[in-house]
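A structural walkthrough
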Amino acid sequence: MTPQELIDTIFLSDKRERFLLLLLEGPTDIKKVKEHLNVTSSSILPQIKKLREKGLVFKDDEGIYDLTTTGRLIVENLSPLACMLDVFDSKEYYWDTRDMEAIPRHLVENIGQLGEVEVIEPDLDHMYDLQLQLHSNMLKSNYIKCLISFFHPDYVEFFNSLSSAGKNLELIFTGSVMERILAESPSDIQKLIEQENVDIRLFRENDYIPSLIIGDDFTYFCFFNKSHMYDHRDIISFTEGSIDWGTQLFVYCRDLSVPVSSEMLSEIINGSE
């Protein structure tokens with residue numbers, strides 16, 4: 001089988017691709033295949049037949065499907081590519097314009113971890129509002145991690161309301177955002193930092209790191225475009241992989257950040273008056 005035949009066999013059918021990835025988790029029968037992939041026998045069996053003919057899948061005497069040795073080696077190596085294609089599928093217009101320079105290289109190479117993402121583009125009438133999907137999912141979360149690299153006038157007030165509602169918050173602000181907050185709402189940030197369930201840190205390494213919000217079961221990203229502008233086009237994902245990828249980026253920035261204490265904030269505020 002030529003490389004092109006291999007690619008066509010796996011990726012030109014969503015059912016074949018999903019079936020192969022399912023078998024990576026272990027052998028299974030047709031009943032579980034239909035339940036897991038939400039397919040009928042008439043739709044999936046012809047696809048399985050093609051995979052068997054190519055030597056990627058076999059069926060034992062008890063009707064259990066599994067990957068052949070060759071099939072497993074191939075699918076294990078193609079699995080990251082399949083995940084990458086899920087991220088970029090029909091969203092090239094978004095990713096082609098994003099600035100990825102501030103993100104650690106190993107995370108860029110593993111961006112397929114995000115899985116299926118939804119691009120959110122607000123209409124002009126709500127361009128500067130907190131996005132509804134972000135707002136509602138943060139309200140449903142108990143522990144929230146935020147990396148904030150662009151200023152929004154409602155952020156600090158909203159964080160205060162989340163803190164008052166008992167949410168645990170880890171907040172990292174870039175230097176430029178912190179300067180803006182101190183200039184426009186010093187009392188609100190002072191109130192926020194005094195809360196026991198809030199940890200605030202300052203990240204001065206790069207102002208163009210993407211904004212990132214991680215909740216209990218979602219991840220929300222605000223990437224700058226290649227002109228270092230925030231154009232209000234964001235992505236949200238509800239996969240475990242996206243939470244893991246986002247957490248790695250958050251921890252990377254947290255390790256390069258300094259804690260902001262109430263005393264430090266008071267000194268900064270008083271020094272600027």
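Data block above holds the structure.
Read on for a plain summary of the structure. Remember, predicted model here, so these are calculated numbers, not experimental data.

1. Details of the packing of aromatic side chains
Inspection of every chain in the model, using the stated rule, returns ten aromatic pairs. Centre to centre, the rings of Phe150 and Tyr155 are 6.0 Å apart; their planes meet at 50°, and the pair counts as tilted. Neither Phe150 nor Tyr155 differs from the other in exposure class; each is buried. Relative to Tyr230, the ring of Phe150 lies with its centre 3.9 Å away and its plane at 20°, an arrangement referred to as stacked.

2. Looking at the pattern of salt bridges
Evaluation of the coordinates by the stated rule reveals nine salt bridges. Asp66 serves as the salt-bridge partner of Arg72, at 3.2 Å between the closest nitrogen and oxygen. Look at Arg72 and you get partly exposed, because its relative accessible area is 24%. Relative accessible area serves as the criterion here: at 16%, Asp66 is assigned to the buried category. In this structure, Glu184 and Arg180 form a salt bridge, with 2.6 Å as the shortest nitrogen-oxygen distance. With Glu184 and Arg180 both in helix H10 (residues 175-184) and four residues apart, the pair spans about one turn of that helix. Each of Arg98, Glu121, Asp231 and Arg233 takes part in one network of salt bridges that share partners.

Procedures and definitions
- Residues numbered from 1 in each chain as written.
- Predicted model: local features only at pLDDT ≥ 70, side-chain atom pairs only at ≥ 80, totals over all residues.
- Heavy atoms only, no water.
- Phe/Tyr/Trp six-rings, centres within 6.5 Å; stacked < 30°, edge-to-face > 60°.
- Buried < 20%, exposed > 50% of the residue type's maximum accessible area, 1.4 Å probe, protein only.
- Salt bridge = Lys/Arg side-chain N within 4 Å of Asp/Glu carboxyl O.
- Helix = DSSP H or I, 4+ residues; strand = E, 2+ residues; numbered from the N terminus.

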